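Chain by chain, the residues run as shown.
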Amino acid sequence: MSPYFFYFFAVILILASAAVVWARNPLYNVLALVVAIFSLSCLFVLLEAFFVGMILLLVYAGAVLVFFLFVVMCLNLNTIALDQAQQTRFRLWGIAVGLMFVASFGLATKSFIKAQTMDPSSIRGTIETIGKILFTDYLLPFELTSLLLLIAIFGIVSLAQGALSTGKGAENP
């Protein structure tokens, strides 16, 4: 029965991820991202990585994405028309980000192939092992990620306060 659940959640993850990219309304983007993270969490639980699955569900779907949903609903984002120069600039940025994604995908594939030749580890993904690795080998990326999230929160709050002070989101009777 487990392969059927795996394929079920994998299809939901693929469809929700496509909806994140293709939806025109930012509210639908965030809601599709919540569904994608929930199905990804279910996949981790099916792979017996219970800690990672629950943390993904509680932290990202439970807190961060609900916060994003709240901000999108507060800001009342509307589509704006871009001129040709702005479209070209965003297109160039998109190409650069796409090339970085392809390069990181290549590195991940290379790492996966290298990991297949290694002997299996006797240490499973326990909380103790994850904590030791996270706070020794990956301490700097962990701290930089928390700093990035803190900066994002400050940015979102300042955007929300700017919209409230100018009355941009309020309707005029």
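Residues numbered from 1 in each chain as written. Predicted model: local features only at pLDDT ≥ 70, side-chain atom pairs only at ≥ 80, totals over all residues. Heavy atoms only, no water.

1. Some remarks on the overall build of the chain
Phase 1 of the analysis: Of the regular secondary structure elements, the chain holds six helices and zero strands.
Phase 2 of the analysis: In sequence order, the secondary structure elements of the chain are arranged as α-α-α-α-α-α.
Phase 3 of the analysis: For the chain, the residues scored as buried account for 13% of the 173 residues in total.
Phase 4 of the analysis: A sequence separation of at least 24 residues applies to 56% of the contacts in the chain between residues at least 6 apart.
Phase 5 of the analysis: Entry remark: accessible area of the chain is about 13,900 Å², with carbon and sulfur atoms responsible for 74%. (Helix = DSSP H or I, 4+ residues; strand = E, 2+ residues; numbered from the N terminus. Buried < 20%, exposed > 50% of the residue type's maximum accessible area, 1.4 Å probe, protein only. Contact = heavy atoms within 4.5 Å. Areas by Shrake-Rupley, 256 points an atom, 1.4 Å probe, with all protein chains shown as cover.)

2. Section: the side chain of S39
Phase 1 of the analysis: Positionally, S39 belongs in helix 2 (residues 26-46).
Phase 2 of the analysis: The buried category is assigned to S39, whose relative accessible area is 0%.
Phase 3 of the analysis: In terms of polar contacts, S39 uses its side chain to reach the backbone carbonyl oxygen of A36, at 2.9 Å.
Phase 4 of the analysis: Sequence-distant contacts of S39, defined by excluding residues within four places in its chain, comprise F9, I12 and L13. (Polar contact = N/O pair within 3.5 Å; in protein donor to acceptor, adjacent residues only side chain to side chain.)

3. Digging into the layout of surface pockets
Phase 1 of the analysis: By volume, the largest pocket amounts to about 480 Å³.
Phase 2 of the analysis: Lining the largest pocket are 15 residues; nearest its centre among them are I55, V59, Y60, L134 and F142.
Phase 3 of the analysis: No other element matches the six residues that helix 3 (residues 50-75) contributes to the lining of the largest pocket.
Phase 4 of the analysis: Of the residues that constitute the lining of the largest pocket, the class distribution is twelve nonpolar, three polar and no charged. (1 Å grid on protein atoms, 1.4 Å probe; cavity = no way out; pocket = protein on both sides within 12 Å on 5 of 7 lines; lining within 4 Å. Points joined across faces, edges and corners; volume = space filled by probe spheres on them. Nonpolar A, V, L, I, M, F, W, Y, C, P; charged D, E, K, R; others polar.)

4. Comments concerning the environment of S41
Phase 1 of the analysis: In this fold, S41 is placed in helix 2.
Phase 2 of the analysis: A C-alpha to C-alpha distance of 7.6 Å links S41 and V52, two positions eleven residues apart in sequence.
Phase 3 of the analysis: Among residues more than four places away in sequence, those in contact with S41 are G53, M54, L56 and L57.

5. Some thoughts on a nonpolar patch on the surface
Phase 1 of the analysis: A grouping of F51, V52, M54, I55, L58, V59, Y60 and I127 is seen on the molecular surface, where their side chains present a nonpolar patch of about 670 Å² in accessible area.
Phase 2 of the analysis: When residues in the nonpolar patch are grouped by element, the largest group, seven residues, is from helix 3.
Phase 3 of the analysis: Within the secondary structure, F51 is located in helix 3.
Phase 4 of the analysis: Among the residues examined, F51 registers a relative accessible area of 32% and is labelled partly exposed. (Patch = residues over 30% accessible without salt bridge, like charges linked within 9 Å, V, L, I, M, F, W, Y side chains within 5 Å. Salt bridge = Lys/Arg side-chain N within 4 Å of Asp/Glu carboxyl O.)

6. Here we look at the side chain of S41
Phase 1 of the analysis: The exposure class assigned to S41 is buried, which follows from its relative accessible area of 2%.
Phase 2 of the analysis: A polar contact is formed between the side chain of S41 and the backbone oxygen of G53, at a distance of 2.5 Å.

7. With respect to the confidence of the model for the chain
Phase 1 of the analysis: Chain-level pLDDT for the chain is 78 on average; 83% of the residues reach the 70-or-more range.
Phase 2 of the analysis: Of all the helices and strands in the chain, helix 3 carries the lowest mean pLDDT, 76, while helix 1 (residues 2-22) carries the highest, 90. (pLDDT = per-residue confidence, 0-100.)

8. So, the packing of aromatic side chains
Phase 1 of the analysis: According to the stated counting rule, one finds three aromatic pairs in the structure shown.
Phase 2 of the analysis: Measuring from centroid to centroid gives 5.7 Å for F6 and Y7, while their planes differ by 75 degrees, and the two rings are edge-to-face.
Phase 3 of the analysis: Note on F6: relative accessible area 33%, which makes it partly exposed.
Phase 4 of the analysis: Of the residues examined, Y7 reaches a relative accessible area of 56% and is grouped as exposed.
Phase 5 of the analysis: Pairing F135 with F142 gives two aromatic rings, centres 5.2 Å apart and planes at 80 degrees, and the pair type is edge-to-face. (Phe/Tyr/Trp six-rings, centres within 6.5 Å; stacked < 30°, edge-to-face > 60°.)

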